[in-house]
Amino acid sequence: MTSLVALIPARAGSKRVPGKNIRVLARHPLIAYTIAAALESDVFDAVVVSTDSDDYAAIARHYGAEVPFLRPADLAGSLSPDIEWVEHALTTLEGLGRNYDGFSVLRPTSPFRQAETIKRAWQKFSEDSGADSLRAVEPCKQHPGKMWVVQQRCMTPLLPFAPNGQPWHSSQYQALPEIYVQNASLEMAWTRVVQEGRTIAGEVVMPFFTEGHEGFDINDPKDWRDAENLLSQDMVVLPKVPKKPFAGININLDY
């Protein structure tokens, strides 16, 4: 039987949206919706939050997640790569006698990801024996074929020419290759890619195509306002949270 752990990162140092991971959206802190979706999916043997904050840990536990350790401060900076906290989480869990065949990174900033989203991703990943990992992607809105790298007075195209020598930047959009960009909805990987290659992706990465607003990501104040507007217009649905709202949160800031 394959064992999986959901890893939910929730560091306390967000700058663009202070307290983002526990700021209240609708009736609950943002992180509650990711915990609820992970638990409802019935895909995971454990749902673990990696945070550097005792306050965040208390909120996570209220909504049903485990917080068996706190993340060290040096792994919770704004420039800390994912491999550091993922490796710390898996290694610490292993030290507690808890080993998992695979893991999924579920970021709280994607509140419209549903339990069904996670189930669909796991089904696709588990059926592909040759994949090291799976990553959520969506069509790229601004095509890199039209992007440039500026170096002092000159600039060069980001992408090389097409096979026929035609510059991508001088081609019609319909002629450009289909390009996808990753979003924050979810990632899945086998634990061995961390242990053997110190990476969370490995070499063979399969795509998971998100639908609708599954990949919506809150990164800045505008994203937060957009999320609230989508909810007010009934254009999206949040995962159902079976717990009462956590008392004592005061992170509702005006932008």
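Right above here is the structure, for reference.
Residues numbered from 1 in each chain as written. Predicted model: local features only at pLDDT ≥ 70, side-chain atom pairs only at ≥ 80, totals over all residues. Heavy atoms only, no water.

Caption draft 1: Structural context of the overall build of the protein chain. For the protein chain, the count of helices and strands is six helices and ten strands. Counting only C-alpha atoms, the protein chain reaches 60 × 45 × 35 Å along its principal axes. Expressed as a percentage of its 255 residues, the buried residues of the protein chain come to 48%. Long-range pairs, those at least 24 residues apart, make up 75% of the contacts in the protein chain between residues at least 6 apart in sequence. As displayed, the protein chain offers around 13,500 Å² of accessible surface, 50% of which is attributable to carbon and sulfur atoms. In the protein chain, 25 side chains carry a positive charge and 31 a negative one; their mean positions are 6 Å apart. (Helix = DSSP H or I, 4+ residues; strand = E, 2+ residues; numbered from the N terminus. Buried < 20%, exposed > 50% of the residue type's maximum accessible area, 1.4 Å probe, protein only. Contact = heavy atoms within 4.5 Å. Areas by Shrake-Rupley, 256 points an atom, 1.4 Å probe, with all protein chains shown as cover. Lys, Arg positive; Asp, Glu negative; His and termini not counted. Charge placed at Lys NZ, Arg CZ, Asp CG, Glu CD.)

Caption draft 2: Molecular detail of the nonpolar core. Ranked by internal contacts, the top residues of the largest apolar core, which has 49 residues, are F44 and V49. Per-element accounting of this core gives the leading share, eight residues, to helix α1 (residues 30-41). In this structure V49 touches I8, A10, I31, I35, A60, A65, E66 and V67, once residues within four positions along its chain are discounted. Counting 18 residues, the second largest nonpolar core, distinct from the first, contains A46, I83, L93 and V105. (Core = buried A, V, L, I, M, F, W, Y, C linked by side-chain atoms within 4.5 Å.)

Caption draft 3: A look at the side chain of S50. Inspection of the secondary structure puts S50 in strand β4 (residues 46-50). Judged by relative accessible area, S50 falls into the buried class, the value being 1%.

Caption draft 4: View of the pairing of strand β7 (residues 148-151). Looking at chain direction, β7 and strand β8 (residues 154-157) are connected through four bridges and run antiparallel. Directly across from W148, in β8, lies its bridge partner P157. Following β7, the chain reverses through two residues before pairing antiparallel with β8; Q152 in that reversal takes a positive phi of roughly 55 degrees. (Pairing = 2+ DSSP bridges.)

Caption draft 5: Examining the pairing of strand β6 (residues 133-139) more closely. With six of seven residues buried, β6 is to be regarded as a mostly interior element. The sheet contact formed by β6 and strand β9 (residues 180-190) spans six bridges and is antiparallel. Within the sheet, the bridge partner assigned to S133 lies in β9 and is A189. One ladder, built from five bridges, connects β6 with strand β10 (residues 205-209); its direction is parallel. Bridge pairing links V137 to F209 in β10.

Caption draft 6: Representation of the pattern of salt bridges. Inspection of every chain in the model, using the stated rule, returns eleven salt bridges. E66 serves as the salt-bridge partner of R98, at 2.8 Å between the closest nitrogen and oxygen. Linking R98 in the loop between α3 (82-95) and β5 (102-105) with E66 in the loop between α2 (54-62) and α3, this pair joins segments that are 32 residues apart in sequence. Judged by relative accessible area, R98 falls into the partly exposed class, the value being 22%. Looking at E66, the relative accessible area reads 29%, which means it is partly exposed. Members of the salt-bridge network, linked through shared partners, are D82, R107, R135 and E187. (Salt bridge = Lys/Arg side-chain N within 4 Å of Asp/Glu carboxyl O.)

Caption draft 7: Structural context of the sheet that holds β6. One open sheet holds the six strands; their spatial order is β4-β1-β5-β9-β6-β10, and the pairing between them is mixed. Since the sheet does not close on itself, it has two edges, and those belong to β4 and β10, each with one partner. Direction aside, the axes of adjacent strands within the sheet are offset by 30 degrees on average. By the bridge criterion, four bridges tie strand β1 (residues 4-9) to β5 in an arrangement that is parallel. Across the sheet, residue V5 finds its bridge partner in β5, namely F103. Across the face of the sheet, α3 comes into contact with β1, β4 and β5 while running at roughly 135 degrees to β1. (Axes fitted to C-alpha atoms, helices over the stretch in contact; angles between N-to-C directions.)

Caption draft 8: Examining a nonpolar patch on the surface more closely. Judged by side-chain polarity, M147, V149 and L158 come together as a nonpolar surface patch covering roughly 220 Å² of accessible area. With respect to the helices and strands, V149 occurs in strand β7. (Patch = residues over 30% accessible without salt bridge, like charges linked within 9 Å, V, L, I, M, F, W, Y side chains within 5 Å.)

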